[in-house]
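So you can see what is in the structure, the chains are spelled out below.
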Amino acid sequence: MQPTLYAHPFSSYCQKVLIALYENATPFTYRVIGPDDPEAVSEWAALWPLKRMPVLVDDGKSVLESTSIIEYLALHYPGENKLLPECPEAALEARMMDRVFDNYIMTPMQKIVLDHLRPESDRDSYGVRQAREMLSTAYDWLDKRLDGQEWATGAAFTLADCAAAPSLFYADWVHEIGATRLRLSAYRARLLARPSNYALGLGQPPLAIPASIGLLFAKPALSNPIPELASVTLPFSSWKAHQKSLLSSDGIIPPHPLTCFVGAEK
Ligand SMILES: N[C@@H](CCC(=O)N[C@@H](CS)C(=O)NCC(=O)O)C(=O)O
């Protein structure tokens, strides 16, 4: 029995959970939510009427919210990488930093991206300015906080780093971190270099998968990518090129609806 993840590869919250799964090479069935698999879409909508992804189903139980999913995995499918540290104080700090990345990096980043996807007449320039200010302030705070730290909470890669990777990956596209925030830029680079950032279409695929084989994202409803080498269709290099092509001509905003491909923004 292995858990099933309803997710989409372009969704930053799904990437957060995929990173956790890849960090520990946890077997799972990947149901890609998208037009190619209407059955997966309706199952997901029935599981979570708020239609937010990812959703994990395990042993008949639905687990909602990326952070809770990673906590669930740590509890039920513990791996070598303790994404929730055993020491309660360290676990508390990982949870706290996870909240920081979700609330003050992911949220304003998504605000800017989603605003860009709206018809021009419905854009919220005031809200976007606020989101940019929040990102600048959060970047400065993180840049100081990361002094002398390899990962978000110290020497170990945790839940907080799973949240940090997709949020900083995209945030830098919409609101540049810049050369002056050296520690934060270096931290982002370290995150993106981790093998589990295969989930972002970056770095190297999990060790079991040769880099030349690439990602499974092209096909819907594929099962766990780790042992399923045969089903890979999209070369890794194409995926990287695809990620690059997401950048619009002004080089800042990725035009792809990376978070709300299932429907227009509400
Ligand atoms: N707090 C949720 C956020 C999930 C979320 O907002 N997911 C986005 C994708 S990144 C989504 O489902 N968007 C669909 C939509 O807005 O229609 C979590 O941590 O899982």
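Residues numbered from 1 in each chain as written. Predicted model: local features only at pLDDT ≥ 70, side-chain atom pairs only at ≥ 80, totals over all residues.

Peer 1: Give a detailed account of the packing of helix α1 (residues 12-23) against helix α3 (residues 66-76), specifying residues and quantitative values.
Peer 2: Look at α1 against α3: their axes get within 9 Å of each other, and the N-to-C directions meet at 10°. Compared by their axis directions, α1 and α3 come out roughly parallel. Together, Y13, K16, V17, A20 and L21 of α1 and S66, I69, I70 and L73 of α3 make up the contact between the two elements. (Axes fitted to C-alpha atoms, helices over the stretch in contact; angles between N-to-C directions. Helix = DSSP H or I, 4+ residues; strand = E, 2+ residues; numbered from the N terminus. Parallel < 35°, antiparallel > 145°, perpendicular 65-115°, else oblique. Contact = placed C-beta atoms within 7 Å.)

Peer 1: Can you break down helix α4 (residues 88-117) residue by residue, with the values?
Peer 2: For the α-helix, the turn length of 3.6 residues means that residues three or four positions removed from each other point alike. Compared with an ideal rise of 1.5 Å per residue, which puts 30 residues at 44 Å, α4 spans 41 Å between its outermost C-alpha atoms and is within 8% of the ideal. When the local axis directions of α4 are compared, the greatest deviation, roughly 30°, occurs at M106, which is followed within four positions by the proline P108. (Expected span 1.5 Å × (residues − 1). Bend = angle between axes of the 7 residues up to and from the residue.)

Peer 1: Describe in detail helix α6 (residues 159-174), supporting the description with residues and values.
Peer 2: A rise of 1.5 Å per residue sets the reference length of α6, with its 16 residues, at 22 Å; its end C-alpha atoms lie 24 Å apart and thus fit the reference within 8%. In terms of burial, α6 is a largely internal element, 16 of the 16 residues being buried. (Buried ≥ 20, exposed ≤ 12 C-beta atoms within 10 Å, placed from the backbone.)

Peer 1: So, unusual backbone geometry: which residues are in play, and what are the values?
Peer 2: Among all residues save glycine, negative phi is the norm, and among peptide bonds the norm is trans. Residue P54 follows M53 across a cis peptide bond; omega there is 10°. With respect to the element layout, P54 can be found in the loop between α2 (38-47) and β3 (55-58). You will see that K51, though not glycine, has its phi angle at about 50°, which is positive. Among the structural elements, K51 can be located in the loop between α2 and β3. You can call K51 partly exposed: it has 15 C-beta atoms within 10 Å.

Peer 1: Please give an account of the nonpolar core that cites residues and values.
Peer 2: Counting 59 residues, the largest nonpolar core has A7, V17, I70 and M109 as the members making the most contacts within it. The greatest single-element share of this core, amounting to 12 residues, is contributed by α6. Domain assignment of the residues forming this core places at least three in each of domain 1 (4-76) and domain 2 (88-198). Leave out the neighbours within four places in its chain, and I70 touches V17, A20, L83, L159 and C162. (Core = buried A, V, L, I, M, F, W, Y, C linked by C-beta atoms within 7 Å. Domains from an automatic or database assignment.)

Peer 1: Describe the packing of α1 against α6, naming the residues involved and giving the relevant values.
Peer 2: Here α1 crosses α6 at 140°, and the two axes come no closer than 8 Å. With respect to their mutual orientation, α1 and α6 come out oblique. For α1 against α6, the interelement crossing comes out right-handed. For the pair α1 and α6, the contacting residues are S12, Q15, K16, I19 and A20 in the first and C162, A163, A165, P166, S167 and Y170 in the second. Here the contact of α1 with α6 is composed, by residue class, of seven nonpolar, three polar and one charged. (Left-handed = near helix turned anticlockwise from the far one by under 90°. Nonpolar A, V, L, I, M, F, W, Y, C, P; charged D, E, K, R; others polar.)

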